[in-house]
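If you want the building blocks of each chain, they are given just below.
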Amino acid sequence: MPHRRYRFHINGIVQGVGFRPFVYRLARELNLAGFVNNTSEGVLIEAQGPLENLDTFRRRLREEAPPLSRIVDFALKEIPPSHDDGFSIIESDDNASASTLIAPDMSVCADCLRELFDPADRRYRYPFINCTNCGPRFTITAGIPYDRPKTSMRVFPMCPDCEREYHDPGNRRFHAQPNACPVCGPKVELRDRNGDMIATDDPVQSAVDLLKAGNIVAIRGLGGFHLAVDAFNDAAVSELRRRKGRAEKPFAMMAPDIETIERFCYVEEEEKALLAAPTRPIVLLRARAETPVAPSVAPGNAYLGFMLPYTPLHYLLVRERFDALVMTSGNYSEEPIAIGNAEGLERLRPLADFFLLHDREILQRCDDSVARVVGGKTRLLRRSRGFVPVPVFVEGEFKTPVLACGGELKSAIALTRGNAVFLSQHIGDLDNPAAFKFYQHSIGYLKDILQIEPEIIAHDLHPEYLSTKWATEQGLPLVGVQHHHAHLVSVQAENGVSGKTIGIILDGTGYGTDGTIWGGEVLVGDAREFTRFAWLEPVPMPGGEAAVREPWRMAVSYLYASFGAGIEALRIPVIERHRGELPVMLRMIDRGVNSPVSSGCGRLFDAVSSILGIREVANYEAQPAIELEMSVDESVRAVYENALPERGAHGSFSVLPLVESVVGDLRSNVPLSRIAAMFHLTLAEIFVRLAKNAREATGLNKVALSGGVFQNVFFFNFIVTRLQGEGFEVLTHSVVPANDGGLALGQAVIAGIHAAGAGK
Ligand code: ZN
Ligand code: ZN
Ligand code: FE
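Presented here is an overview of the structure given in this document. (Residues numbered from 1 in each chain as written. Chains lettered and ligands numbered in written order. Predicted model: local features only at pLDDT ≥ 70, side-chain atom pairs only at ≥ 80, totals over all residues. Heavy atoms only, no water.)

### Quick notes on the coordination of the zinc ion (ligand 2)
Inclusion rule: Note that water is not among the atoms considered, so a metal site may appear incomplete; the donors listed are N, O and S atoms within 2.8 Å of the metal, with 3.2 Å applied to Na, K and Ca. Site shape is set this way: if four donors have all angles between 85 and 135 degrees, tetrahedral; if opposite donors are over 155 degrees apart and all others between 65 and 115, square planar for four donors and octahedral for six; otherwise irregular. For every residue, the accessible area (1.4 Å probe, protein chains only) is compared with the maximum for its type, and the residue is labelled buried under 20%, exposed over 50%, or partly exposed between those bounds.
Only Cys-159 (SG), Cys-162 (SG), Cys-181 (SG) and Cys-184 (SG) from the protein reach the zinc ion (ligand 2) as donors, at distances of 2.2 to 2.3 Å. Coordination at the zinc ion (ligand 2) is tetrahedral, judged from the four donor atoms that bind it and the angles of 103 to 117 degrees they form at the metal. Between consecutive donor residues of the zinc ion (ligand 2), the sequence gaps follow C-x2-C-x18-C-x2-C. The two residues Cys-181 and Cys-184 agree in class, both being buried.

### Focus on the pattern of salt bridges
Just so we agree on the cut-off: By definition, a salt bridge exists where a carboxyl oxygen of Asp or Glu is found within 4 Å of a side-chain nitrogen of Lys or Arg. Numbering of helices and strands runs from the N terminus, with a helix taken as a DSSP run of H or I at least four residues long and a strand as a DSSP run of E at least two residues long.
Within the structure shown, the criterion is met by 49 salt bridges. Its salt-bridge partner being Arg-122, residue Glu-165 comes within 3.2 Å of it at the nearest N-O pair. You can see Glu-165 sitting in helix α4 (residues 160–167) and its partner Arg-122 sitting in the loop between α3 (110–116) and α4, a full 43 residues away along the chain. The closest approach of N and O atoms between Arg-123 and Glu-165, which form a salt bridge, is 2.6 Å. Here the residue Arg-123 occupies a position in the loop between α3 and α4, and Glu-165 occupies one in helix α4, the gap between them amounting to 42 residues. Within the structure, one salt-bridge network assembled from shared partners comprises Asp-111, Arg-114, Glu-115, Arg-172 and Arg-173.

### Digging into the coordination of the iron ion (ligand 3)
Here the iron ion (ligand 3) is held by the protein donor atoms His-483 (NE2), His-487 (NE2), Asp-507 (OD) and Asp-740 (OD), which lie 2.1 to 2.3 Å from it. Spacing between the donor residues of the iron ion (ligand 3) along the chain follows H-x3-H-x19-D-x232-D. Remark: Asp-740 occurs in the loop between β29 (729–731) and α23 (743–757) and His-487 occurs in helix α13 (residues 483–494); sequence separation between them is 253 residues. We note that His-487, like Asp-740, is buried.

### Section: the sheet that holds strand β4 (residues 70–79)
Basically, it comes down to this: Only when DSSP finds a minimum of two bridges between them are two strands counted as paired. Angles here are taken between N-to-C directions and fall from 0 to 180 degrees, while the axes themselves are lines fitted to C-alpha atoms, restricted in helices to the stretch in contact. Note on contacts: a residue pair is in contact if any heavy atoms of the two residues lie within 4.5 Å.
Strand order in this open sheet of five strands is β4-β1-β3-β2-β5, and the pairing throughout is mixed. The open sheet terminates on both sides in strands that have one partner only, identified here as β4 and β5 (87–90). Neighbour to neighbour, the strand axes of the sheet diverge by 15 degrees on average, direction disregarded. Note: strand β1 (residues 4–13) against β4, nine bridges, orientation antiparallel. Each bridged residue has a counterpart across the sheet, and for Arg-5 the counterpart in β4 is Ile-79. Across the sheet, helix α1 (residues 19–29) touches β1, β2 (33–39), β3 (42–49), β4 and β5, and the angle it forms with β5 is around 165 degrees. Those strands touched by helix α2 (residues 51–63) are β1, β3 and β4, and its axis lies near 5 degrees from that of β1.

### Brief notes about the pairing of β5
The alternating pattern of β5 places Phe-87 and Ile-89 on a buried face and Ser-88 and Ile-90 on a face that is not buried. Looking at chain direction, β2 and β5 are connected through four bridges and run parallel. Within β5, the residue paired with Val-36 across the bridge is Ile-89.

### Concerning the packing of helix α15 (residues 551–563) against helix α17 (residues 582–591)
What counts, and what does not: We call a crossing left-handed when the near helix sits turned anticlockwise from the far one by less than a right angle, and right-handed when that turn is clockwise. Each residue is assigned to one class: nonpolar for Ala, Val, Leu, Ile, Met, Phe, Trp, Tyr, Cys and Pro, charged for Asp, Glu, Lys and Arg, and polar for all the others, Gly among them.
The contact between α15 and α17 brings their axes to 11 Å, and the two run at 65 degrees. At the point where α15 passes α17, the crossing takes the right-handed sense. Here Trp-552, Arg-553, Val-556, Ser-557 and Tyr-560 of α15 come into contact with α17, specifically with Leu-582, Met-585, Leu-586, Ile-589 and Asp-590. Within the contact of α15 with α17, the residues separate by chemical class into seven nonpolar, one polar and two charged.

### Observations concerning the packing of aromatic side chains
Worth spelling out the cut-off: The pairing test for Phe, Tyr and Trp rings, Trp by its six-membered ring, is centres within 6.5 Å, and the orientation test on the planes gives stacked under 30 degrees, edge-to-face over 60, and tilted for anything in between. Put simply, a charge is over a ring when the Lys NZ or the Arg CZ is close to the ring centre, within 6 Å, and near the line of the ring normal, within 35 degrees.
Going through the model one piece at a time under the given rule, you end up with 15 aromatic pairs. Feature note: the residues Tyr-6, Phe-8, Phe-57 and Phe-74 constitute an aromatic cluster, connected by ring pairs. The ring centre of Tyr-266 lies 4.4 Å from the NZ or CZ of Arg-288, which sits over that ring. The side chain of Arg-532 reaches across the aromatic face of Trp-518, ending 3.7 Å from its centre.

### Regarding the environment of Gln-48
To keep it simple, the criterion reads: Distance and chemistry together define a polar contact, namely a pair of N or O atoms within 3.5 Å, with one atom able to donate a hydrogen and the other to accept it when in protein, and with adjacent residues in sequence counting only for side-chain atoms on both sides.
For Gln-48, the location among the structural elements is in strand β3. Measuring from C-alpha to C-alpha, the distance between Gln-48 and Ser-706 comes to 51 Å, with 658 residues separating the pair along the chain. Side chain to side chain, Gln-48 and Arg-5 meet in a polar contact 2.6 Å long. A polar side-chain atom of Gln-48 sits 3.0 Å from the main-chain amide nitrogen of Ser-82.

Here you go:
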């Protein structure tokens, strides 16, 4: 029977995930000759044998590919037969341009975990155990192709045992680049805050003992340092808060298993799956009323953030002795997390009592990702470790590579190639100089590993964003993208929708095309263009940015707009408390001094939170809105009818009737939980009605939801239910955050369309 020969080019996440050994085993099983090779252009396979076997090979390559792999392109052509000695794996070549992808970091797999706790295994309790199916990838990689010399494992020559596994195609560690063992691999060490080594046979056990005694231990992990403290020790957790300069923002915790987490929180099936996924995000879970965790872990919040251990080191730390360990990023409030040993010791010395270090360098900083399940779907709040650099695929091709610069807060950038948009890890708030440095580094690194040289730069319209300023200095063609337009297209793109839709885009701040601040928007549009169908009537923000930090200023602004001079006579707590400052505020507003106007929906949440006396000064971003949501009586289903828009209403919409109703109920001693609920429901209903008006005006039936306000679960659930009840098809975020962390996706798509339209 004549033999035929096929050449396959396979692209996607196909390196460092056990793809070659899989190909090798499959080819041998099917008696095919040829080779498989990792190239910078992806995996190249030539296979020769009877046609029937080749066809089986082709089918099973796709059907049985290893779990961590992801095939994006699969090309095949027949070539003339040649001579091979069986089937072999050829070493990587490292020239040519790359279209192959580095895998994200994955949690330790079940096989490795079993070995970790098997006293007979040669890697018993070895904190860096890994295999082809698990372990570090993105964070230890300096360049492509993904091979040991281009990772931080290059300084650890393998011992003969590891070497044997590495070269044995039948072994789970065949070509596992981070393969290591206690003989040849990275090691942990324990130091005090002066950097002096602490003598111990078992640094991990000693660290556990120190944690048990109430110490704060900085732990070098996968994508950076954590600060760890016993979650049951309120004094220790409070001390960590004091040192970190983080008054009330919740801390995440790590627990050994799902059963343990269930003692603290309600965990639905989808949440269990999310917790246990190899991406291992922090999952926000509803806390049980009687949760034994220290109150200072998440003050004022009905949710607790939990993650399962994801590295072997984490398992060694929590498996036996901790039911819950606070594991918060190793940084001062908004700085990037520390990653290097020397850097960690220097930056975290004021924060930590001890340091559990290791010598496997972290080359890419990557925070824990944060997610929750809402409406049966995963919603990412922070897309980082485990997800990066997996691309988001969109409809259509980018003809011209785009760099999208993101926004200012919760910043992330994006690069495009083909139909893929690669978002960077979470970078943080750029007004922090260290974060801005990290931002620039991330752009360079992503360009490098993806071998993408952008030809167009997309940026936010805000002239004061550092990302905008940076963009304008690059000497490339620019596409300025309105903030809420980017939000709209971001949610359209991840849902594979390219036509016009209605968009309800609600956030705190975004620069409008008229130079004022927007953020309570009903838009109609697609990637090409948009119109502003309706928006919340703007109000002044007395003090500008100060009004974001001090929501009582927004309360004053809304109350002044509602009651005019009558504000003086209002006998409500927020006015009583700030009576002394009132004249200055009102003068600022009257004269328009340092009082930019804003239609931001987030500011309305701030104002109402403050009017109800829930939160007058924000200790962290969105705290007033979060605490307002936490105070809601979820059984309430009433709205303030007088505050709803008329049929046909569009353009500027006043929420002053809503504010007045809230004040009226407050003065009639209606319970806060009921007022808070009615505020949420009414605001949602306002946007449902405006969306219906937009539908009548345009004939469009799809409505896309984006912006940080949609992270409010009560608000989100209600508005989605109502919109669906009205027959709308509702598009929501799942794979990128609804907040500004997802902005770059929309910017990229808009710039791509713009470039195509310009005939490039
Ligand atoms: Zn493994
Ligand atoms: Zn070894
Ligand atoms: Fe935004």
